[in-house]
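Summary of structural features
The residues making up each chain are set out below.
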Amino acid sequence: MNIVLLGPPGAGKGTQAKRLEERYGLIQLSTGDMLRAAVASGSEIGQRAKAIMEAGQLVPDEVVIALIADRIDRPDARKGFILDGFPRTTKQAEALDRMLAEKGIKLDHVIEMKVDDALLVDRISGRYTCAKCGAGYHDRNQKPRVEGVCDACGSTEVKRRADDNAETVSKRLEAYHAQTAPILPYYRAKGALQAVDGMAPIDDVTVALAGILNGAAPAARKAKAASRPKAKAKPRAAAKKSKPKAKAKTRRKAKAKPARTKRAAKSTRSRKPARKAAHKGRKPVRRSRR
Ligand code: AP5
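Now for a look at the structure at hand.

Reading guide: rules and limits
Residues numbered from 1 in each chain as written. Predicted model: local features only at pLDDT ≥ 70, side-chain atom pairs only at ≥ 80, totals over all residues. Heavy atoms only, no water. Helix = DSSP H or I, 4+ residues; strand = E, 2+ residues; numbered from the N terminus. Buried < 20%, exposed > 50% of the residue type's maximum accessible area, 1.4 Å probe, protein only. Contact = heavy atoms within 4.5 Å. Areas by Shrake-Rupley, 256 points an atom, 1.4 Å probe, with all protein chains shown as cover. Pairing = 2+ DSSP bridges. Axes fitted to C-alpha atoms, helices over the stretch in contact; angles between N-to-C directions. Arc of directions from axis to C-beta. Salt bridge = Lys/Arg side-chain N within 4 Å of Asp/Glu carboxyl O. Phe/Tyr/Trp six-rings, centres within 6.5 Å; stacked < 30°, edge-to-face > 60°. Patch = residues over 30% accessible without salt bridge, like charges linked within 9 Å, V, L, I, M, F, W, Y side chains within 5 Å. Lys, Arg positive; Asp, Glu negative; His and termini not counted. Charge placed at Lys NZ, Arg CZ, Asp CG, Glu CD.

Further remarks concern the overall build of the chain. Check the secondary structure of the chain and you find 12 helices and 8 strands. Per-residue burial over the chain gives 33% buried out of 290 residues. Contacts in the chain between residues far apart in sequence, at least 24 positions, make up 69% of those at least 6 positions apart. Accessible surface, the chain as shown: approximately 18,800 Å² in total, 54% of it carbon and sulfur.

Pairing within the open sheet is parallel, and its 5 strands lie in the order 2-3-1-4-8. Either end of the sheet is taken by a strand with one partner, and the two such strands are strand 2 (27–30) and strand 8 (193–197). Between one strand and the next, the sheet's axes are offset by a mean angle of 25°, whatever the strand orientation.

Further remarks concern helix 3 (residues 44–54). Among the residues of helix 3, Gly46, Ala49, Ile52 and Met53 are the ones counted as buried. Angularly, the buried residues of helix 3 cover 135° about the axis, an arc narrow enough to put them on a single face. Facing away from the buried surface of helix 3 by more than 90 degrees, the exposed residues are Glu44, Gln47 and Ala51. Looking at the packing, one finds that the buried side of helix 3 touches helix 2 (31–41) and helix 7 (166–180).

All right, on to the pattern of salt bridges then. With the rule as written, the count across this model stands at 17 salt bridges. One salt bridge in this structure joins Arg74 and Asp70, with 3.2 Å as the shortest N-O distance. Classification of Arg74 as partly exposed rests on a relative accessible area of 41%. Salt bridges sharing common partners tie together Arg127, Arg161, Asp163, Asp164 and Arg172.

Here the focus is the sheet that holds strand 6 (residues 136–138). Overall, antiparallel pairing links the 3 strands, which are arranged 6-5-7 in an open sheet. Looking along the sheet, the strands with just one partner apiece sit at the ends: strand 6 and strand 7 (158–159). By the bridge criterion, 3 bridges tie strand 5 (residues 127–130) to strand 6 in an arrangement that is antiparallel. Residue pairing across strands places Thr129 opposite Gly136, the latter belonging to strand 6.

Let's shift gears to the packing of aromatic side chains. Under the counting rule described, the total for this entry stands at 2 aromatic pairs. Plain terms: the ring middles of Tyr186 and Tyr187 are 5.2 Å apart, the flat faces sit at 80° to each other, and that makes the pair edge-to-face.

Quick look at a negative patch on the surface now. A surface patch of negative charge is lined by Asp116, Asp117, Asp197 and Asp204. Along the chain, Asp197 falls in strand 8.

Keep in mind these values describe shape, not function.
What follows is the structure in structure tokens.
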């Protein structure tokens, strides 16, 4: 299963991607994480991306497209992936389509996580991760079980992102509305876009995502089905009408046989073969008469 999670900064893409990874055995491909790793390693890409990320702007398309193309080719991505933070521009969305078509891979779900801007600054400014294993937390919304201790690995060291301050967050939100939100109609037009309420509590968002992944049809496909010509809809309606009749017949038949008769028939049926089986292969026993 291959999924794209779309949504503004702080919508919960990373939080939910981690859960989907565990639950469905998929791999999270986060361009933000890849770029941060590149910055930390001091690579050429990292040096190029650092200032852009700290300013809350988008790294050039060709850089992130190359990162994703390379990552999707690795063996662990074959079991299925969750794209988190990619695509972020129409150019990236088109490049992704081409890339997947060349590799014979299809996208199963494109899911938008809807959250009002007003909530996002609070979410992002309270966010931190475990410095050792990367588990995500929030000062108020997602605390570890023991204050200051990572639930997953027990480390007491935490990290906060350089771009998680109010000023950069508002720049990132601007970038989202100007460059990323326009790709929503791109996926909607393909009938591929589904949405969840990202304002709901974290566990509820996970349940909503599971509902989609376990088979709910995209809204666009449902709408198309509803607008199908009536001629196609008729046999369905007829089939539905005939069902209650069949049920009524079964009910009448069941009523016709009194419960006692049914039990008796059952017990006769069940005893006879048992008796036969019990005598099978045995010699008849003669009783002596005195
Ligand atoms: P990236 O790392 O992708 O950041 P982002 O998209 O801004 O998203 P975030 O990671 O900030 O948020 P999220 O949606 O994952 O939320 P999270 O789950 O952490 O990108 C960083 C930068 O890299 C970009 O600005 C850009 O410069 C560059 N970049 C990356 N990809 C690029 C691309 N494709 N093209 C060009 N440039 C690119 O949740 C946030 C907090 O809220 C957490 O603390 C969490 O606990 C809490 N929370 C989550 N869900 C809920 C909930 N339902 N209720 C309450 N709290 C919640």
